[in-house]
Amino acid sequence: MSGSRHRALGGGVQQHVLDYLKRMQVERPGFSYEIQKGHENESSGGGVVFWADPVCKINYSFFGDAVTFDTAYRTHRFKVPFASFAGINHHGQPVLFGCALIFDESESSFLWLFQTWLRAMGSFTHPVSLIIEPDRSIELAAAQVLPQTRHRYCKQEILQQTLEKLSDVSQSHPGFGAEFKQCIDGAETINEFESHWQSLLQRYYLVDNQLLQSMYATREQWVPVYMRNTFFGQLSGNGGGLNSFFDGFVTASTTMQMIVKQYEKALASWNEEELKADHETTNTTPSLKTPSPMERQAANLYTKRIFMKFQEELVETLANPATKVDDSGDVVRYRVAKFGEDHRGHTVSFCSFENKATCSCQMFEFSGIICRHVLAVFRAKNVLTLPSHYILKRWTRDARTGGAILEEECGSEIPNGTPESSTSKYNNLRQEAIKYVEEGAKSIHVYKVAMNALQEAAKKISAVNSGLPSGTPSTNGSGQDLLPAIGESESASQSVVEKEKKIQELTIELEKTNQRCEVYRTNLLAVLRDMEEQKMKLSVKVQNARLSMKE
């Protein structure tokens, strides 16, 4: 770790940030910030400032299963001790869960930060996994607050720092760096990693190297092969990177005066990127590469980015045949290997009763996307559609609609005062706004209509916030004459909203039913084609038998 364990608050510059946080708390309902107790002013000389806007809390409710605590400022010598909690959305893009300025890097300060962050997120459940910097203070604090969460060191940082410290080895042996990375990322099993690691150390005379000895001691917290049984939501084969929300926005040259501006730039930029990805997923039809009903099903379920990842795995089943190796019980074992690479095959166990399969590569457990090896077995067993237990809602088009994934897992609502939490209200409004954006971009006429509608809606919202019914001028009276009108207006408005909501629910249900019918129809046709083929084969066999008898 670079940098000091204790940093000065920075006087008026710090006040500049605090003024911004105070203003946001007033202007944005749901925005919250906290300062570590005992560090409210510059004279204390240190502390932690944490904040999160309402979108952070909503993001966490949908995508908080895999979290990264990004403290890149420590290793990259940033001027500002800016840290963030982030995750990955249904398009594989980073989403924000909260930010902090860390002027005191003691274990107690990190403990306070993790507790404050989790409380701000609602504390309704802990993440499945957490990526952190390999630092003792952070590790101990995270373990106390999130004892059930799987903690992992950032592999990318470890590799980079290790190769820098072993630069003399790399200079003497140019191939060492690539071989070292292959040892870490290329191992398919724990035994394979152990064997390659020992071989590497012996070949380059590094058996007594203290740095590598300490790395080996913590291998279960950063080497991918030890992590594949836990969900980290990373789409690359071995993951390990931070996928930072503020990468390119907050850098080593960013000053305290710039931090608020760069923070808001990052928020606006990633919000725009998600809207673009939403639009592309909704308004483009994926190109199918196989006649498989499962591929069509996935194209309708997943976002574009996730579907492309699934499609890649599905296409690879053509080059990865499944060979049955054990059929002695309820669970059948298969060996799946690429043509010509039998030595790198994977074992898949399939239970036909439950329609479940597990693979030794553990890709589904790690990324939430089913692997080519299981898909090859499904192909062999004529499983034509993707079973529901292999579809993670967090990767689907509907990831931000309905109940949040973390709410569903723990069976509780987001504690936000009312059954209809800010999460559902935010997402319902967001989906409706996206419809205006998509339609409004089609022509100048529709654009004008959509813009007028949004402006009219803004006026009505402003009137409601002011305590007046839409279109009603202010009066000097007591306002009692307005009460009946307001009550009738609210009653009528609620009735219309309820009807529209019911229509929307029925429309969605109808669409889902049509999709299911299409899948069933495709499956039925596939079965009929198979029966016709079998009939033709039997007919040919009967004909051949008759001819042989005549001869």
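The protein carries the name Protein FAR1-RELATED SEQUENCE in an unreviewed UniProt entry, which gives Linum tenue as its organism. In its Function (unreviewed entry) section, the UniProt record describing the protein reads: "Putative transcription activator involved in regulating light control of development." What UniProt states about the protein under its Subcellular location (unreviewed entry) heading is, verbatim, "Nucleus".

Asker: Summarise the overall build of the protein; cite the residues concerned and give the values.
Answerer: Counting its regular elements, the protein contains 19 helices and 11 strands. Each of the 551 residues in the protein was classed as buried or not, and the buried ones make up 42%. Within the protein, contacts between residues at least 6 apart in sequence are counted, and of these 64% link residues at least 24 apart. Total accessible area on the protein is roughly 29500 Å²; 53% of this is exposed by carbon and sulfur atoms.

Asker: Lay out the environment of Leu-130 in plain terms, naming residues and giving numbers.
Answerer: Within the secondary structure, Leu-130 is located in strand E6 (residues 129-132). Judged by its relative accessible area of 0%, Leu-130 falls in the buried class. Leu-130 sits 63 residues away from Val-67 along the chain, and the two C-alpha atoms are 4.8 Å apart. Residue contacts for Leu-130: discarding those within four places in its chain leaves Val-67, Phe-69, Phe-114, Ala-142, Leu-146, Thr-149, Arg-150, His-151, Arg-152 and Phe-232.

Asker: Pulling in residues and values, what's your account of the pairing of E6?
Answerer: What you see with E6 is no split at all: Ser-129 and Ile-131 on one side and Leu-130 and Ile-132 on the other are buried throughout. In this structure, strand E3 (residues 66-70) lies alongside E6, joined through three bridges in parallel fashion. Following the sheet pairing, Thr-68 is matched in E6 by Ile-131. Alignment of E6 against strand E7 (residues 150-153), held across four bridges, turns out to be parallel. In the strand pairing of E7, Ile-131 is matched with Arg-152. Read from E6 through helix H5 (residues 136-145) to E7, the crossover connection turns out right-handed.

Asker: I'd love a proper account of the nonpolar core, names of residues and values included.
Answerer: Trp-51, Phe-69, Trp-117 and Phe-180 are the most contacted members of the largest nonpolar core, which has 83 residues in total. Top contributing element to this core by residue count: helix H4 (residues 107-120), with eight residues. Not counting residues within four places of it along the chain, the set of residues in contact with Phe-180 comprises Leu-159, Thr-162, Leu-163, Trp-197, Leu-200, Leu-212 and Met-215. Counting residues in hydrophobic clusters, the runner-up holds 34 residues, among them Met-363, Phe-364, Val-377 and Val-383.

Asker: Which residues make up the sheet that holds strand E11 (residues 356-359), and what values go with them?
Answerer: Pairing within the open sheet is antiparallel, and its four strands lie in the order E8-E9-E10-E11. The sheet is open, and its two edges are formed by strand E8 (322-326) and E11, each paired on a single side. Taken over all neighbouring pairs, the strand axes of this sheet differ in orientation by 30 degrees on average, direction set aside. Direction of pairing for E8 relative to strand E9 (residues 331-336): antiparallel, over a ladder of four bridges.

Reading guide: rules and limits
Residue positions within a chain follow its written sequence, with the count starting from 1. It should be noted that, the model being predicted, local features are given only for residues of pLDDT at least 70 and side-chain atom pairs only at 80 or more, the latter also being counted only at that level, while totals for whole chains, interfaces and linings use all residues. Hydrogens and water are ignored here; the side-chain numbers use all heavy atoms of the structure. UniProt positions are given in the numbering used here, feature names are shortened, and annotations may be inferred rather than shown by experiment. Under the scheme used here, helices are H or I runs from DSSP no shorter than 4 residues and strands are E runs no shorter than 2 residues, and both carry numbers assigned from the N terminus. Exposed residues in this analysis have more than 50% of their type's maximum accessible area, buried residues have under 20%, and partly exposed residues fall in between, with area computed by a 1.4 Å probe over protein chains only. Here, two residues are considered to be in contact whenever any of their heavy atoms come within 4.5 Å of each other. Residue-level accessible areas treat just the shown protein chains as cover; the underlying method is Shrake-Rupley with a 1.4 Å probe. Strand pairing is assigned whenever DSSP identifies at least 2 bridges connecting the two strands. When the strands point away from the viewer and the connection leading from the first strand across the helix to the second strand turns clockwise, the crossover is called right-handed. Side-chain atoms within 4.5 Å are what join buried Ala, Val, Leu, Ile, Met, Phe, Trp, Tyr and Cys residues into a set we call a nonpolar core. To get an axis, a line is fitted to the C-alpha atoms, and for a helix only the part in contact is used. The angle between two axes follows their N-to-C directions and goes from 0 to 180 degrees.

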